[in-house]
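Summary of structural features
Each chain, letter by letter, is given below.
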Amino acid sequence: MLNFFTELGSATREAFGKIGRGTFFLLHALSGFGYVGLRPRLLLKQMYSVGVLSFLIISISGLFVGMVLGLQGFYILSDFGAEESLGVMVAASLVRELGPVVSALLFAGRAGSALTAEIGLMKATEQLSGMEMMAVDPVKRIITPRFLAGLICMPLLAALFSAIGVMGGHMIGVGMLGVDDGSFWSQMQSSIDFRHDIINGMIKSLVFGFSATLIALFEGYDCLPTSEGVSRATTRTVVNSAFAVLGLDFILTALMFGD
Amino acid sequence: MSNNEQNIVSIRNLCFSRGARKIFDGVSLEIPRGKITAIMGPSGTGKTTLLKLIGGQLRPASGQVIFDGSDVHSLSTRELFNLRKKMGMLFQSGALLTDMNVFDNVAFPLREHTRLPEPLIRSLVLIKLQAVGLRGARMLMPNELSGGMARRVALARAIALDPLMIMYDEPFTGQDPISMGVLVHLIKSLNQILGLTSIIVSHDVRETAEIADYIYLLADGKIIAQGAPRELEQSDSAWVQQFLHGYADGPVHFHYSADEYFADLLSGVN
Ligand SMILES: Nc1ncnc2c1ncn2[C@@H]1O[C@H](COP(=O)(O)OP(=O)(O)O)[C@@H](O)[C@H]1O
Ligand SMILES: [Mg+2]
């Protein structure tokens, strides 16, 4: 019994310690904006590896998710004779939910895990210490550009996901199942609201990008500098990012679409 | 203080712990300018930790580290960063940045801390690479270098900003005899030609004794012996003799402390 409380205590202390270190880490990374502003090439390089290299997985997944939405939507809506509304259903599901959420989960698996492993290995091979001894702040030099790249790329990737998903839904609904092309688009156009749907979806993906990138970078920076430590940190990145994204999604949905 | 002019680093009463374990318990030592000073001791005694304390990457629980007249641990971050430009450190693994080639690695500190035009940076980098014999390897990536070459590149990078002092962390570990010889020669000649001060942390007795002017032996959180290599050789301390000659048993036991052997075998529980 006593053992249980001791362990609970030390787990709690560890959790709070991590939150504290994470907060300092975030502030430190934010303080590097000026440094990166003077060296835009650092940012471009990271946007390439975090963003551009995720295009393929995001596009293919978006296409399949859109196609599935087209199929399922058609089965359900045609029961009510409302298959003309397929465009709205596909677009609303993608823009409000599936675009931001699924692309954030894919982002955590593809880019987040790579970031954690990269930074963990840099720590293990003393590259971060080495930079410090050369009087260069490794957080500003290594972390800040990656953080910014994640923030910028996540909403763009989510938009790409949704756009390709809509095309997938169109391909199935209009191309295969014979939904009327005109009403597919016109109903979508009249029902999807720019502010209520698209901006809110963008805000979601910005929040997800912020959390997934921060988690990935912090886990890498905070890991034990051994091969086991790096591998555990990579796992934690994927698991914690998934929890964070899904949990935040619930909160944001309740706040945004409640009324 | 004239002491400051003579000694580039003075460590006074340094204490440092990792968790419950005391790594240093009142260590004091002086690193004289222009000399090669070695800090030796078994693995895990805290040699790397000592270098990180000198470089201000770790904070001591108590005690002082004075480098070139300033107390390292009372400086602001900015002052500390400026101080670090005066010290180079060669990490055990080389710590080259793996996403840049040799040239860019050596140019890195120059590009970060100076606004020199690119042609001048190029000349400086080539001069440094020439000094370590790797001018021809400038386009290679770090993963294409052998261990010895990686350390020499790291050395070129460490001298890029013309520091006053270089700290070498285990420069000889894991090197083949030829690169070992090259490194020994390089450390000694750079120290002379560039008028540097060198601190070598090592447990390779022969190579270190060959070039060090003065040796500190570190064990169990304390300096247990010091002197010029010759003097230590003549020391009558059993510990020093065991360390210098690598005897398997002596004051440091081969066996980690354990219960009595037979009782342990027969007891059947852990
Ligand atoms: N980051 C760290 N966290 C906890 N303990 C550490 C860390 N780094 C080193 N140690 C411990 O401190 C002791 C001294 O380490 P180190 O200075 O690397 O020894 P040396 O360089 O003499 O082999 C070792 O017992 C090591 O396990
Ligand atoms: Mg060491």
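Structure: above.
Residues numbered from 1 in each chain as written. Chains lettered and ligands numbered in written order. Predicted model: local features only at pLDDT ≥ 70, side-chain atom pairs only at ≥ 80, totals over all residues. Heavy atoms only, no water.

This next bit is on the packing of helix 5 (residues 86-124) of chain A against helix 9 (residues 194-222) of chain A. All names here are of chain A. Put simply, helix 5 and helix 9 touch, their axes get as near as 8 Å, and they point 20° apart. What the angle tells us is that helix 5 and helix 9 run roughly parallel. The handedness of the crossing between helix 5 and helix 9 comes out as right-handed. Here the residues of the contact of helix 5 with helix 9 are counted per class, giving 13 nonpolar, eight polar and seven charged. (Axes fitted to C-alpha atoms, helices over the stretch in contact; angles between N-to-C directions. Helix = DSSP H or I, 4+ residues; strand = E, 2+ residues; numbered from the N terminus. Parallel < 35°, antiparallel > 145°, perpendicular 65-115°, else oblique. Left-handed = near helix turned anticlockwise from the far one by under 90°. Nonpolar A, V, L, I, M, F, W, Y, C, P; charged D, E, K, R; others polar.)

Before going further, it helps to examine the sheet that holds strand 3 (residues 36-40) of chain B. Residue and element names in this part refer to chain B. Across the sheet, six strands lie side by side as 6-7-8-3-9-10; this open sheet has mixed pairing. Each edge of the sheet is formed by a strand with only one pairing partner; in this case those strands are strand 6 (87-90) and strand 10 (222-227). Pairs of neighbouring strands in the sheet enclose a mean axial angle of 15°, with direction left out of account. Sheet analysis places strand 3 next to strand 9 (residues 214-219), joined by four bridges and oriented parallel. Bridge assignment links Thr37 to a residue of strand 9, and that residue is Tyr214. (Pairing = 2+ DSSP bridges.)

What follows is about helix 10 (residues 238-245) of chain B. Owing to its 3.6 residues per turn, the α-helix aligns residues three or four sequence positions apart on the same side. All names here are of chain B. Within helix 10, six of the eight residues are buried, which leaves it mostly tucked inside the rest of the structure. Within the span of helix 10, buried status applies to Trp239, Val240, Gln241, Gln242, Phe243 and Leu244. Two or three places before Trp239, at the opening of helix 10, Ser237 has a side-chain oxygen 3.2 Å from that residue's backbone nitrogen. In the stretch just after helix 10, Gly246 is the one whose phi turns positive, near 65°. (Buried < 20%, exposed > 50% of the residue type's maximum accessible area, 1.4 Å probe, protein only. Polar contact = N/O pair within 3.5 Å; in protein donor to acceptor, adjacent residues only side chain to side chain.)

Moving on, we come to the interface of chain B and chain A. Chain B puts 23 residues into the contact, and the matching count from chain A is 16 residues. Carbon and sulfur atoms supply 56% of the area buried between chain B and chain A, which totals about 1800 Å² over both sides. Looking only at chain B, the three residues that lose the most surface to chain A are B:Phe81, B:Phe108 and B:Glu112, adding up to 28% of its buried area. In this structure, the connection of chain B to chain A is made through three salt bridges. The partner of A:Arg141 in a salt bridge is B:Glu112, with the nearest N and O atoms 2.7 Å apart. Linking chain B with chain A are nine residue pairs in polar contact (both at pLDDT 80 or more). If you list the elements that add at least two residues to the side of chain B that touches chain A, you get helix 3 (77-84), strand 6 and helix 4 (102-113) of chain B. When residues in the side of chain B that touches chain A are grouped by element, the largest group, four residues, is from helix 4 of chain B. Partitioned by chemical class, the residues of the side of chain B that touches chain A number eleven nonpolar, six polar and six charged. (Contact = heavy atoms within 4.5 Å. Buried area = accessible area lost by both parts, 1.4 Å probe. Salt bridge = Lys/Arg side-chain N within 4 Å of Asp/Glu carboxyl O.)

For B:Asn143, the location among the structural elements is in the loop between helix 5 (118-131) and helix 6 (147-158). In this structure, the C-alpha to C-alpha distance between B:Asn143 and B:Ile187, residues 44 residues apart in sequence, is 23 Å.

Judged by nonpolar contacts, the single largest core of 57 residues is most densely connected at A:Phe107, A:Ile143, A:Leu217 and B:Phe108. Sequence-distant contacts of B:Phe108, defined by excluding residues within four places in its chain, comprise A:Met131, A:Met134, A:Val136, A:Arg141, B:Leu97 and B:Met100. Core analysis: the second largest hydrophobic core is formed by 36 residues, B:Ile36, B:Phe103, B:Val184 and B:Leu186 among them. (Core = buried A, V, L, I, M, F, W, Y, C linked by side-chain atoms within 4.5 Å.)

The next thing to look at is the sheet that holds strand 1 (residues 7-18) of chain B. All names here are of chain B. The antiparallel open sheet is built from four strands, whose spatial order is 2-1-4-5. Across the chains shown, the open sheet's two edge strands, defined by having one partner strand only, are strand 2 (21-32) and strand 5 (70-71). Judged from the five bridges that link them, strand 1 and strand 4 (residues 62-67) form a sheet pairing that is antiparallel. Within strand 4, the position partnered with Ser10 by the bridge is Ile66. Contacting strand 1, strand 2 and strand 4, helix 2 (residues 47-54) runs over the sheet at an angle of about 120° to strand 1.

Mapping A:Ala135 onto the fold places it in the loop between helix 6 (127-133) and helix 7 (138-176). Residue A:Ala135 is classed as buried on the basis of its relative accessible area of 6%. Sequence-distant contacts of A:Ala135, that is, excluding residues within four places in its chain, are made with B:Phe81, B:Arg84, B:Lys85 and B:His113.

A word on the packing of aromatic side chains. Applying the stated rule across the entire model yields seven aromatic pairs over all chains. The interplanar angle of 10° and the centroid separation of 5.5 Å between the aromatic rings of B:Trp239 and B:Phe243 together place this pair among those described as stacked. Highlighted residues: B:Trp239 and B:Phe243, both in helix 10, separated by four residues, approximately one helical turn. Grouping residues by exposure puts B:Trp239 and B:Phe243 together as buried. An aromatic cluster of three or more residues is present, and its members are A:Phe25, A:Phe218 and A:Tyr221. (Phe/Tyr/Trp six-rings, centres within 6.5 Å; stacked < 30°, edge-to-face > 60°.)

Turning next to the site of ligand 1. All names here are of chain B. Arg18, Arg21, Ile23, Ser43, Gly44, Thr45, Gly46, Lys47, Thr48 and Thr49 make up every residue found near ligand 1. At a separation of 3.4 Å, a nitrogen atom of ligand 1 approaches a polar side-chain atom of Arg18. Contacts to ligand 1 include Thr49, whose side-chain N or O atom sits 2.5 Å from an oxygen atom. For ligand 1, the protein covers 57% of the area, taking 560 Å² as the surface of the free molecule. Listed by contribution, the elements that provide at least two residues to the shell around ligand 1 are strand 2 and helix 2. The element best represented in the shell around ligand 1 is helix 2, accounting for three residues. Of the residues in the shell around ligand 1, the class split is one nonpolar, six polar and three charged. (Near = heavy atom within 4 Å. Areas by Shrake-Rupley, 256 points an atom, 1.4 Å probe, with all protein chains shown as cover.)

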